[in-house]
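Coordinates in review
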Amino acid sequence: MSIVSPIQAEPPTPQTVDFGIYQDCPLLENDSTRVVFCPQVGGRVLEYALRGQNALFVSRYELTGEESEIGGTAPSAGRFDIGPEKIAAKRTGSFFGEWTTERTGPLSLVMVSKPGKQTGVTLKREFTLDRNSSRLVCVQTIINVCDRTVQHCHWSRTFANQAGIVLIPLEGFPRFPNRYVRYDGGGLRMAPQDENIRIRDGFLEIIGPPSSPKLGMDSYAGWLAHQQPTGLLFIKQFPTYPDRNYCELAGLTISTWTPATGHTVELEPIGPTETLRPGESASFTEVWSLHENPSPESGASLDLTRIRAIHDALPETPAVGPQS
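Structural notes, computed from the coordinates. Keep in mind that this is a model prediction, so the values were computed, not measured.

Rules and cut-offs
- Within every chain, residues take consecutive numbers counted from 1 along the sequence as written.
- Local features in this predicted model are restricted to residues of pLDDT 70 or higher, and side-chain atom pairs are both shown and tallied only at a pLDDT of 80 or more, whereas totals for entire chains, interfaces and linings draw on every residue.
- Side-chain metrics rest on all non-hydrogen atoms present in the structure, leaving aside hydrogens and water.
- A run of H or I in DSSP counts as a helix once it spans at least four residues, and a run of E counts as a strand once it spans at least two, with each numbered from the N terminus.
- Only protein chains enter the calculation, and the probe is 1.4 Å; a residue is then buried if its accessible area is under 20% of its type maximum, exposed if over 50%, and partly exposed in between.
- In this analysis, two residues are considered to be in contact whenever any of their non-hydrogen atoms come within 4.5 Å of each other.
- Note on areas: these come from Shrake-Rupley sampling with a 1.4 Å probe, and a residue is covered only by the protein chains present in the view.
- By the counting rule applied here, Lys and Arg register as positive and Asp and Glu as negative, while His and the ends of each chain are not counted.
- Charge positions come from single atoms, namely NZ of Lys, CZ of Arg, CG of Asp or CD of Glu.
- For two strands to count as paired, DSSP must find a minimum of two bridges between them.
- Between the N-to-C directions of two axes lies an angle of 0 to 180 degrees, each axis being a line fitted to C-alpha atoms and, for a helix, fitted only over the stretch in contact.
- Any Lys or Arg side-chain nitrogen located within 4 Å of an Asp or Glu carboxyl oxygen qualifies as a salt bridge.
- We call a set of buried residues a nonpolar core when its members are Ala, Val, Leu, Ile, Met, Phe, Trp, Tyr or Cys and they connect through side-chain atoms within 4.5 Å of each other.
- Aromatic rings from Phe, Tyr and Trp, taking only the six-membered ring of Trp, are treated as a pair when their centres fall within 6.5 Å; an angle between ring planes under 30 degrees marks them as stacked, one over 60 as edge-to-face, and anything in between as tilted.
- Placement of a charge over a ring requires the Lys NZ or Arg CZ to be within 6 Å of the ring centre, with the centre-to-atom vector within 35 degrees of the ring normal.

Scanning the chain for helices and strands turns up 3 helices and 23 strands. Along the first, second and third principal axes, the C-alpha atoms of the chain reach 85 × 55 × 40 Å. For the chain, the proportion of its 324 residues judged to be buried stands at 56%. In the chain, the share of contacts with a sequence separation of at least 24, taken over all contacts with a separation of at least 6, comes to 65%. For the chain, the accessible surface area stands at approximately 14700 Å², while carbon and sulfur atoms represent 50% of it. The averaged location of the 36 negative side-chain charges in the chain is 5 Å from the averaged location of its 29 positive side-chain charges.

Okay, structure coming up:
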């Protein structure tokens, strides 16, 4: 008589993992992609990895607890925020504080901040990972919980892994002579020149750390890409609103920050102005995806036709908002 072994059930997907100095971090994972979150500090993403390769820069401090000049002790990796940068009240609670987490499905969760004492808003971030790809839908909602009208905008502050090559497709009527501005010593240089920044085949291309770290762009294409030296291509899709006001300095739709060390670049989609009366809310959607794409050899240029084709094959951004 043959003995039939019982069918072994697949082990359940873990709900949380330890990551660096943090314990019990919520996890979303499919066959190719792993996303680890950090509600302990700032309600952000610690790991966004394709086949084990994290596209986000995580500081040595957050990985090991050891302080380092590179990255310091501030929150790193997949950060979000609200602006405008130079005007918004301090967001200490939402940027450094603890967030609540609720799992809303096998591949989705929501994190919520405490009400901001100075901003007057609560922030809610909803994340959904596609079952069969790296596609991660990120929706941030700004909720006015105070008794006065407030004005804010979505501001993403994602630290990508290494400086790499940043690509901004150029669409829409330009406001800046060279399609970008540069922050120099607290002011704006409106027509900067930089050997690491060029316009090629319809893209603004940042091929290395610029002479000053902070840049701002005016494109309405609704996406940007980051080619990492490791062979990962990180794409962000997001809605743009040419007929709406943007309250960030110089009306920016995108900003980047690249330190001279070249260990990271901050990829910053910026949302339009949201003027919210008490009880009102506004949402902004970013869709992230990762793709295997070889980094060009030294002296060679990235194949921009291929980059555009990768983007054009993606589903359209399911924008939530802009205001409800």
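There is more to say, and it comes next.
In this section: the sheet that holds strand E10 (residues 136–144). Read from one edge of the open sheet, 10 strands run E7-E8-E9-E10-E23-E19-E18-E12-E16-E15, paired in antiparallel fashion. Of all strands in the sheet, those bounded by a partner on one side alone are strand E7 (100–105) and strand E15 (197–200). Between one strand axis and the next, the sheet turns by 20° as a mean value, whatever way the strands run. In terms of strand pairing, E15 meets strand E16 (residues 203–206) through 4 bridges, oriented antiparallel. By the bridge assignment, Arg 200 is partnered in E16 with Phe 203.

To continue, consider the pattern of salt bridges. On inspection of all chains with the given rule, the structure shows 19 salt bridges. The salt bridge involving Asp 81 is made with Arg 91; its shortest N-O contact spans 2.9 Å. With Asp 81 in strand E6 (residues 78–83) and Arg 91 in the loop between E6 and helix H2 (92–96), the pair connects residues that are 10 residues apart, well separated along the chain. Arg 91 matches Asp 81 in its accessibility class, with the two residues each being buried. The partner of Glu 205 in a salt bridge is Arg 198, with the nearest N and O atoms 2.8 Å apart.

Right, let's get into the pairing of strand E12 (residues 165–169). Of all the 5 residues making up E12, 5 are buried; the element is thus mostly covered by neighbouring parts of the structure. Strand direction decides the pairing type here: E12 and E16, joined by 4 bridges, are antiparallel. Of the residues in E16, the one forming a bridge with Val 166 is Ile 206.

One recurring pattern in soluble globular proteins: nonpolar side chains tend to sit buried together. Core analysis: the biggest nonpolar cluster contains 59 residues, and Tyr 48, Phe 127 and Phe 234 have the highest contact counts within it. Ala 221, Ala 225, Leu 304 and Leu 314 belong to the second largest nonpolar core, which has 13 residues in total.

Before going further, it helps to examine the environment of Leu 170. Within the secondary structure, Leu 170 is located in the loop between E12 and strand E13 (180–184). Placed 48 residues apart in sequence, Leu 170 and Asp 218 show a C-alpha to C-alpha distance of 8.2 Å. Each residue touching Leu 170, except ones within four places of it in the same chain, is listed here: Arg 179, Ile 199, Gly 202, Phe 203, Leu 204 and Ser 219.

It is worth spelling out the pairing of strand E2 (residues 22–29) at this point. As paired strands, strand E1 (residues 16–19) and E2 are joined by 3 bridges and run antiparallel to one another. What sits directly across from Phe 19, in E2, is Tyr 22. Count of turn residues in the E1/E2 antiparallel hairpin: 2 residues, of which Gly 20 carries a positive phi of about 60°. Note: E2 against strand E3 (residues 33–38), 3 bridges, orientation antiparallel. Note that in E3 the partner of Leu 28 across the bridge is Val 35. Joining the antiparallel neighbours E2 and E3 is a turn of 3 residues.

Okay, the packing of aromatic side chains next. By the definition in use, this model includes 11 aromatic pairs. Where Phe 37 meets Phe 127, the ring centres are 4.9 Å apart and the plane angle is 55°; that geometry is what we call tilted. In this pair, Phe 37 is assigned in strand E3 and Phe 127 in strand E9 (residues 121–129), connecting sequence segments 90 residues apart. No difference in accessibility class separates Phe 37 from Phe 127, as the two residues are buried. Ring pairs connect the aromatic residues Phe 37, Tyr 48, Phe 80, Phe 127, Phe 234 and Trp 288, which therefore count as one cluster. Lys 214 extends its terminal NZ or CZ atom over the ring of Tyr 183, reaching a point 5.7 Å from the ring centre.

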